[in-house]
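A look at the structure
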Amino acid sequence: MNWVINDNVDKESVEKLSDELNISPILSSMLVKREIRTFDQAKSFFRPNYNMLHDPFLMKDMTIAVERIQKAILVKESIMIFGDYDVDGTSSVALLTLYLESIGLIVTNYLPDRKTEGYGISIKAIDLAFQNKQKLIIALDCGIKAHNQVDYAKEKGIEFIICDHHNPDKNLPNALAVLNPKRIDCIYPYKDLCGCGVGFKFVQAIESKQSKDNKIINYLDLVALAIAADVVPLTGENRILAFIGLQIINSNPRLGIHSLLKKNTKKEYTISDLMFYVAPRINATGRIKQASLALELLISNNKNSAEKLALEIDELNTSRREIEKDITNQAIDQVENSSKKLNSIVVFDSDWNKGVIGIVASRLVDKYYKPSLVFCES
């Protein structure tokens, strides 16, 4: 791997910013490389605040989505919240569950089983919503390509609101509303939100129509966790959301996050602590067992219950590491025992755990610097 040093900066801009901020040219150069060239831009960079967030109604379909929620509130409707089984999806479901329940909605949540249902919106979940006479499903951190599933739900009289951040196809699913800043017809100024970030913009829009002040800023610890885990760019709104979320985690963390961080005794937690300490533990639940365990932890308001769940999740993460290490060693053995000169790596074993082979593929890339594919029977 080669490091590429970017020395191509506008010296005049560096000197000007250095004078305006009374900082060293080295620091000024680092800011200019990040497209920060004025005093106001630098102020926003170093002092992010909630008021800098964009109007959520700039996002395509937001008005439709909010009106549908207002209708659900009026009739005290029961709705399903569906999310991916990773940290972003789990945090998104926790955020929407806590908020929508706080404004009077009856909510059930659903996280699919990685092994039996796989990624994306599940037909099993739609059938369950139909059995429970639920007419609305909110999909978080997934759904942007779920054309068949949304059509299937529509046949059963179920509407979908999709909150996603993955790249869409040219044609979108036939949902009631599709909230995704990456839609080509969406004018929302910031395109790099994670799934939980899109979910928060939805909450922000709903809250603007409520008469009560629900202090939705307190949900930004969940957004910061998702931002860290999904490794989205720490720029623009992500930087603001993560900055405020970390302040909450360091001053008044929710029980679930606090229970996971307790062993990592530090005076101040950073985005790296969320990325390398909390996120792997939450992800381990979906990889080894059920992501619903992590969701239960994130929405828990009982200290004893939260600590018990955190302990179980920590044990699952230990198990995940052992399984991952074992499979990685087996995969390396397959590569080393190959008599061919490899331009890419393809390894397979029918018994490998589906939940960790993605990590194993990353380990092989790190070791061999070659495209790597890891397969199991599923």
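Refer to the structure presented above.
A short tour of the structure in this document, coming up.

What counts, and where the lines are drawn
Residues numbered from 1 in each chain as written. Predicted model: local features only at pLDDT ≥ 70, side-chain atom pairs only at ≥ 80, totals over all residues. Heavy atoms only, no water. Core = buried A, V, L, I, M, F, W, Y, C linked by side-chain atoms within 4.5 Å. Buried < 20%, exposed > 50% of the residue type's maximum accessible area, 1.4 Å probe, protein only. Helix = DSSP H or I, 4+ residues; strand = E, 2+ residues; numbered from the N terminus. Contact = heavy atoms within 4.5 Å. Axes fitted to C-alpha atoms, helices over the stretch in contact; angles between N-to-C directions. Parallel < 35°, antiparallel > 145°, perpendicular 65-115°, else oblique. Nonpolar A, V, L, I, M, F, W, Y, C, P; charged D, E, K, R; others polar. Salt bridge = Lys/Arg side-chain N within 4 Å of Asp/Glu carboxyl O. Expected span 1.5 Å × (residues − 1). Pairing = 2+ DSSP bridges.

Re the nonpolar core
Side chains that are nonpolar tend, in soluble globular proteins, to be buried together. Counting 95 residues, the largest nonpolar core has L95, L100, I138, F202 and L274 as the members making the most contacts within it. When residues of this core are assigned to their parent elements, the largest contribution, nine residues, is made by helix α14 (residues 303-336). Discounting chain neighbours no more than four positions away, the residues touching L274 are A224, L225, A228, L246, I249, A279 and P280. In this structure, Y110, V150, I158 and I162 belong to the second largest nonpolar core, which totals 19 residues.

Here's the deal with the packing of helix α8 (residues 195-207) against helix α9 (residues 220-230)
Relative to each other, α8 and α9 sit at 155 degrees, their axes nearing to 8 Å. Of the possible angle classes, the one that applies to α8 and α9 is roughly antiparallel. Where α8 approaches α9, its residues C196, G197 and F200 are matched on the opposing element by L220, L222, V223 and A226. For the contact of α8 with α9, the class distribution of residues is six nonpolar, one polar and no charged.

Quick look at the pattern of salt bridges
All told, the structure shown has 14 salt bridges when counted by the stated rule. For E324, the salt bridge identified is with R320, shortest N-O distance 2.5 Å. Of the two residues, E324 and R320 both sit in helix α14, four residues apart, roughly one turn of that helix. Judged by relative accessible area, which is 6%, E324 ranks as buried. Here the salt bridges share partners, and the residues they tie into one network are D61, R183 and D185.

As for helix α15 (residues 357-368)
For α15, spanning twelve residues, the distance from its first C-alpha to its last is 16 Å, which sits close to the expected 16 Å at 1.5 Å a residue. Along α15, the residues classified as buried are I357, I359, V360, A361, L364 and Y368. On its buried side, α15 packs onto α12 (271-288), α14, β6 (345-348) and β7 (372-375). Of the residues one or two after α15, Y369 is the one with positive phi, at around 55 degrees.

Details of the sheet that holds strand β3 (residues 136-140)
With parallel pairing, five strands are arranged side by side in an open sheet as β2-β1-β3-β4-β5. Every other strand in the sheet has two partners, leaving β2 (106-110) and β5 (177-179) as the edge strands with one partner each. Direction aside, the axes of adjacent strands within the sheet are offset by 20 degrees on average. Pairing of strand β4 (residues 159-163) with β5 involves three bridges; the strand directions are parallel. Among the inter-strand pairings, I161 is bridged to a residue of β5, identified as A177.

In short, geometric facts, not functional conclusions.
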